[in-house]
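# Descriptive analysis of the structure
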Amino acid sequence: MTQHSRDTPQFYLTAPSPCPYLPGRQERKVFTHLVGDKATDLNDLLTHGGFRRSQSIAYRPACDQCRACVSVRVIANEFRPSRNFRKVLARNSDLVGEQRSAVPTSEQYSIFRSYLDQRHRHGGMADMTVLDYAMMVEDSHVETRIIEYRRRNLSNGPNARGGELIAVALTDVLSDGLSMVYSFFDPSETTRSLGTFMILDHIARARRQGLPYVYLGYWIEGSKKMDYKSRYLPQQRLAAAGWLRVDDEGHTAPEPQE
């Protein structure tokens, strides 16, 4: 009997289930486990091929008659914020983002729980307990970070840290970019556009770190939940021919292969 190495990925296919993004369609996913000494390299390789990570699982859509899910990555060094994006940055200029090791805290879970209850009470994550949240953060065999966004404590000076926690991003560090695995925020902060702000902050972080891309997951044409990803231009979208550059909604062009 042959025993497979933990460093040799085995791929599996899920059974069909209702698509959470496009009504009337069924989704299937192909997935593998990210474990062993080569998990980081495998995560890099699979992300470049359109996979996403959830805990120690890498997955991508494998639907029978649908190719609506398109992997998107922002070209960080060429991105220039629009007027609306600059307004979002200005509204959140009182926040400080601190990168930390991927360690869950009760403070994070409190915001996570409020976020799910207000924004996704009927979603697949709605019943997640504090232990489930801890697993989401800690169950990773790749380079993962938590970025906490806190309100500046101005009473201790303009550069002071350690104020109220407002938003959190769980982010993988890849060889060529940052991959936003999951982000959430205080739902009572309705005027800040915190989801947008965290993406803008990740683009700036990638640029400072000399990383070419910020991976945003899947853009799905026709899905209001996913349409926002098309606004971060220029970007690349993964097609059968490889990564195609998008400078505006009506123009795509092939990029040189890496």
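Residue positions are counted from 1 within each chain, in the order its sequence is given. Residues qualify for local features only when their pLDDT is at least 70, as the model is predicted, and side-chain atom pairs are given and counted only at 80 or more; totals for whole chains, interfaces and linings, by contrast, use all residues. Hydrogens and water are ignored here; the side-chain numbers use all heavy atoms of the structure.

Where we set the bar: UniProt positions are given in the numbering used here, feature names are shortened, and annotations may be inferred rather than shown by experiment.
The chain is annotated in UniProt as Aspartate/glutamate leucyltransferase from Bradyrhizobium sp.. In UniProt, the chain has this text filed under Function: "Functions in the N-end rule pathway of protein degradation where it conjugates Leu from its aminoacyl-tRNA to the N-termini of proteins containing an N-terminal aspartate or glutamate." Of the chain, the UniProt comment under Subcellular location reads exactly: "Cytoplasm".

## Brief notes about the packing of aromatic side chains
This is how it is decided: Between 30 and 60 degrees the pair is tilted, below 30 it is stacked and above 60 it is edge-to-face, where a pair is any two Phe, Tyr or Trp rings, Trp via its six-membered ring, whose centres lie within 6.5 Å. Segments assigned H or I by DSSP are reported as helices when at least four residues long, segments assigned E as strands when at least two residues long, and all are numbered from the N terminus. Each residue is assigned to one of three classes by its accessible area relative to the maximum for its type, calculated with a 1.4 Å probe on protein chains only: buried under 20%, partly exposed between the two thresholds, exposed over 50%. Here, over-ring charges are defined by two tests on the NZ atom of lysine or the CZ atom of arginine: distance to the ring centre within 6 Å, and angle to the ring normal within 35 degrees.
In this structure the tally under the stated criterion is 17 aromatic pairs. With 4.9 Å between their ring centres and 10° between their planes, phenylalanine 85 and tyrosine 232 make a pair best called stacked. Taken as a pair, phenylalanine 85 in helix 2 (residues 83-91) and tyrosine 232 in the loop between strand 12 (213-220) and strand 13 (235-239) lie far apart in primary sequence, 147 residues in all. A residue is classified by how much of its surface remains accessible, and phenylalanine 85, at 4% relative accessible area, is buried. The exposure class of tyrosine 232 is buried, given its relative accessible area of 0%. An aromatic cluster is built from Tyr109, Phe112, Tyr115, Tyr133, Tyr182, Phe184 and Phe185, whose rings are joined through pairwise contacts. Sitting over the face of the ring of tyrosine 213, arginine 73 holds its NZ or CZ atom 3.8 Å from the ring centroid.

## Quick word on a positive patch on the surface
To keep it simple, the criterion reads: The patches described consist of residues with a relative accessible area above 30% and no salt bridge, like charges being joined within 9 Å and nonpolar side chains (Val, Leu, Ile, Met, Phe, Trp, Tyr) within 5 Å. Using a 1.4 Å probe, the Shrake-Rupley method yields the accessible areas, and only the shown protein chains count as cover for residues. Salt bridges, as used here, are contacts in which a Lys or Arg side-chain nitrogen is within 4 Å of a carboxyl oxygen on Asp or Glu. When charges are counted, Lys and Arg are positive and Asp and Glu negative, with His and the chain ends excluded. To locate a charge, take atom NZ for lysine, CZ for arginine, CG for aspartate or CD for glutamate.
Together, Arg83, Arg86, Lys87 and Arg91 line one region of the surface with positive charge. On the secondary structure map, arginine 83 appears in helix 2. Judged by its relative accessible area of 56%, arginine 83 is exposed.

## Brief notes about the pairing of strand 13
Stated formally: When DSSP finds two or more bridges between a pair of strands, those strands are recorded as paired.
In the sheet, strand 7 (residues 69-75) pairs with strand 13 via three bridges, with the strands oriented antiparallel. The residue of strand 13 that forms the bridge with arginine 73 is glutamine 236. In this sheet, strand 14 (residues 242-248) lies alongside strand 13 in antiparallel orientation, the contact comprising five bridges. Bridged to glutamine 235 within strand 14 is valine 246. The turn linking strand 13 back onto strand 14 is made up of two residues.

## A few points about helix 3 (residues 106-119)
For clarity, the cut-off: What a helix is expected to span follows from its residue count: subtract one and scale by 1.5 Å. Contacts between residues were defined by any pair of non-hydrogen atoms, one from each residue, lying within 4.5 Å.
When the terminal C-alpha atoms of helix 3 are compared, their 20 Å separation across 14 residues agrees well with the 20 Å that a helix rising 1.5 Å per residue should span. Along its buried surface, helix 3 packs onto helix 4 (130-138), strand 9 (144-151), strand 10 (165-173) and strand 11 (177-185).

## Focus on the packing of helix 3 against helix 4
Defined as follows: Comment: axis = line fitted to C-alpha atoms, over the contacting stretch for helices; angle = value between 0 and 180 degrees taken between N-to-C directions. Here is the rule for angles: anything less than 35 degrees is roughly parallel, anything more than 145 is roughly antiparallel, 65 through 115 is roughly perpendicular, and the remaining ranges are oblique. When residues are grouped by polarity, Ala, Val, Leu, Ile, Met, Phe, Trp, Tyr, Cys and Pro land in nonpolar, Asp, Glu, Lys and Arg in charged, and all others, Gly among them, in polar.
Running from N to C, helix 3 and helix 4 point in directions that differ by 110°, and their axes come no closer than 10 Å. It follows that helix 3 is roughly perpendicular to helix 4 by the angle criterion. Here Gln108, Tyr109 and Phe112 of helix 3 lie close against helix 4, whose contacting residues are Val130, Tyr133 and Met136. Of the residues that constitute the contact of helix 3 with helix 4, the class distribution is five nonpolar, one polar and no charged.

## Notes on the nonpolar core
This is how it is decided: Nonpolar core, defined: a set of buried Ala, Val, Leu, Ile, Met, Phe, Trp, Tyr and Cys residues in which side-chain atoms within 4.5 Å join the residues together.
Residues Phe112, Tyr133, Phe184, Ile203 and Tyr232 are the most contacted members of the largest nonpolar core, which totals 43 residues. The set of elements that each furnish at least two residues to this core consists of helix 2, helix 3, helix 4, strand 9, strand 10, strand 11, helix 5 (194-208) and strand 12. Leaving out residues up to four positions away in the same chain, isoleucine 203 has contacts with Val74, Ala76, Phe79, Val214 and Tyr232.

## Digging into the sheet that holds strand 1 (residues 12-13)
Pairing is antiparallel across the open sheet formed by four strands, whose spatial order is 1-4-6-5. Two strands lie at the open edges of the sheet, namely strand 1 and strand 5 (52-54), each paired on one side alone. Where strand 5 meets strand 6 (residues 57-61), three bridges bridge the pair, whose relative direction is antiparallel. Pairing of serine 54 across the sheet is with isoleucine 57, part of strand 6.

## Observations concerning the pattern of salt bridges
Counted under the stated rule, the structure contains 16 salt bridges. Aspartate 94 serves as the salt-bridge partner of arginine 192, at 2.8 Å between the closest nitrogen and oxygen. Separated by 98 residues along the polypeptide, arginine 192 in the loop between strand 11 and helix 5 and aspartate 94 in the loop between helix 2 and strand 8 (95-101) bring together distant segments of the chain. A salt bridge links arginine 150 to glutamate 107, with the shortest nitrogen-to-oxygen separation between them at 2.7 Å.

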